[in-house]
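Commentary on secondary and tertiary structure
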Amino acid sequence: MRYNDVKKIKMLENKKILIAGLANKHSIAAGIAQAMKNQGAELAFTFQSERLKGNVEKIANELGSNLLYECDVASDESIKKMYKELSKDWKSFDGFVHSIGFAPANELEGNFLDSATREGFQIAHDISSYSFTAMAKGARPMLNENAALLTLTYLGSMQSLPNYNVMGLAKASLEANTRFLAAAMGPDGIRVNAISAGPIKTLAAMGVKNFRKMLTNYANRAPLRRAVTTLEVGNVAAFLCSDLASGITGEITYVDGGFNTAAMSIEEYTD
Ligand code: NAD
Ligand code: 0WE
């Protein structure tokens, strides 16, 4: 038998994955869904509100799925209802992707101390970190052995930068959340990981002041000298949720063109 005759097995063949955090085709969740579909996964999707249902439905259909459930992660009731509906279509499943983050817009500009409020802090941590725990709690009874959970984080958890403000604190919490969930679910064979993505022009990034200037500076410092795409993030997501990553849990994997590993580029060093 020649090597070419060996059947190419897709990484996520026979895996059912739920995707939360799709808003439109630019969403990181869209790149993840596409990559997971490419690897043979069966997909289901949540949408935050009726307003986004049409967008999500269109993308889901293009990826061969008609499994759509409303879920506002601010509400335990909504999460519970979503899993109840999902269980009518899937008796069990193999993991979910949590691609959700939110802070009130007024927290994401200006000096951290000037912008920070008790309410903004609470909302950012609730929607961007606790919701991952809440989704894991709800999924637990339905998860197959070898299931994998994944969330999306950003470098602002480790290093300060202008305007990211309370979201940096929420992402630090989300990363600790990833490690504690990994410890809590590991004994049942369930893995929990995070991808720390480089900046990408999505809906969540659009509202951010000077985002384009930030993207240019990032591309100039990153070893790869460019931004990453949602499909590049998606390919790593597919790997982390596949059995090829069976030994990886509690880990934060950077998909950022190497930005976090470089303190300066040659262009910044020389004049
Ligand atoms: P996006 O706007 O496409 O996705 C954010 C999603 O969060 C939306 O689908 C929105 O509906 C959902 N959401 C917000 N509040 C919710 C709630 N209460 N209930 C349910 N869903 C809710 O933007 P994105 O950039 O794809 O963001 C996805 C994730 O990636 C976020 O966690 C974000 O922090 C992270 N991330 C983004 C970047 C970037 O530069 N775009 C970089 C690193 C990490
Ligand atoms: O996590 C994010 C985006 C998070 C986000 C964005 C918004 C805009 C609209 C959370 N909440 C809201 N609320 C809104 O009302 N990113 C990693 C993208 C991002 O956001 C930044 C960045 C980067 C990168 C904000 C400031 C500085 C850099």
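Everything below is about the structure shown above.
So, here is what we can say about the structure in this document. Note that the structure is predicted; figures quoted are calculated from it, not measured.

This paragraph deals with the packing of helix α1 (residues 28–38) against helix α9 (residues 230–241). One way to put it is that α1 packs onto α9 with a least axis distance of 7 Å and a crossing angle of 55°. By the angle between their axes, α1 is oblique relative to α9. Read as a crossing pair, α1 and α9 show a hand that is right-handed. Where α1 abuts α9, its residues I28, G31, I32, Q34, A35, M36 and N38 lie against T230, L231, V233, G234, N235, A237, A238 and C241. Looking at the contact of α1 with α9, its residues break down into nine nonpolar, six polar and no charged.

Turning our eyes to something else, we now look at the site of ligand 2. Taken together, 14 residues surround ligand 2, and among them A103, L108, Y164, A204 and V208 come closest. A103 is positioned with one of its backbone polar atoms (N or O) 2.7 Å from a nitrogen atom of ligand 2. Contact distances for ligand 2 include 2.8 Å between an oxygen atom and a side-chain N or O atom of Y164. In the complex, the protein chains occlude 84% of the 600 Å² of accessible area that ligand 2 would expose alone. By residue class, the composition of the shell around ligand 2 is 13 nonpolar, one polar and no charged.

A few words on a nonpolar patch on the surface. Taken together, the side chains of F112, L113, F121 and L169 present a nonpolar region at the surface, about 380 Å² in accessible area. For F112, the location among the structural elements is in helix α4 (residues 112–115).

This paragraph deals with the site of ligand 1. Neighbouring ligand 1 are 26 residues, the closest being S27, Q48, K171, I200 and T202. Within the backbone of L22, an N or O atom sits 3.5 Å from an oxygen atom of ligand 1. A distance of 2.7 Å separates an oxygen atom of ligand 1 from a polar side-chain atom of Q48. Alone, ligand 1 offers 810 Å² of accessible surface; in the complex the protein occludes 91% of this. When contributions to the shell around ligand 1 are tallied by element, the ones reaching two or more residues are β5 (143–153) and α7 (203–206).

Our focus in this paragraph is the sheet that holds strand β7 (residues 252–255). The parallel open sheet is built from seven strands, whose spatial order is β3-β2-β1-β4-β5-β6-β7. Because the sheet does not close on itself, it has two edges, and the strands there are β3 (68–70) and β7. Taking the axes of each pair of neighbouring strands and ignoring which way they run, one obtains an average angle of 20° across the sheet. Sheet topology note: the strand β1 (residues 16–20)/strand β2 (residues 42–47) ladder contains four bridges and is parallel. For L18, the partnering residue across the bridge sits in β2 and is A44. Most of the contacts of helix α3 (residues 76–89) go to β3, to which it runs at about 160°, and overall it touches β1, β2, β3 and β4 (93–98). Contacting β1, β4, β5 and β6 (191–197), helix α5 (residues 118–139) crosses the sheet at an angle of about 170° to β4.

What counts as what
Residues numbered from 1 in each chain as written. Chains lettered and ligands numbered in written order. Predicted model: local features only at pLDDT ≥ 70, side-chain atom pairs only at ≥ 80, totals over all residues. Heavy atoms only, no water. Axes fitted to C-alpha atoms, helices over the stretch in contact; angles between N-to-C directions. Helix = DSSP H or I, 4+ residues; strand = E, 2+ residues; numbered from the N terminus. Parallel < 35°, antiparallel > 145°, perpendicular 65-115°, else oblique. Left-handed = near helix turned anticlockwise from the far one by under 90°. Contact = heavy atoms within 4.5 Å. Nonpolar A, V, L, I, M, F, W, Y, C, P; charged D, E, K, R; others polar. Near = heavy atom within 4 Å. Polar contact = N/O pair within 3.5 Å; in protein donor to acceptor, adjacent residues only side chain to side chain. Areas by Shrake-Rupley, 256 points an atom, 1.4 Å probe, with all protein chains shown as cover. Patch = residues over 30% accessible without salt bridge, like charges linked within 9 Å, V, L, I, M, F, W, Y side chains within 5 Å. Salt bridge = Lys/Arg side-chain N within 4 Å of Asp/Glu carboxyl O. Pairing = 2+ DSSP bridges.

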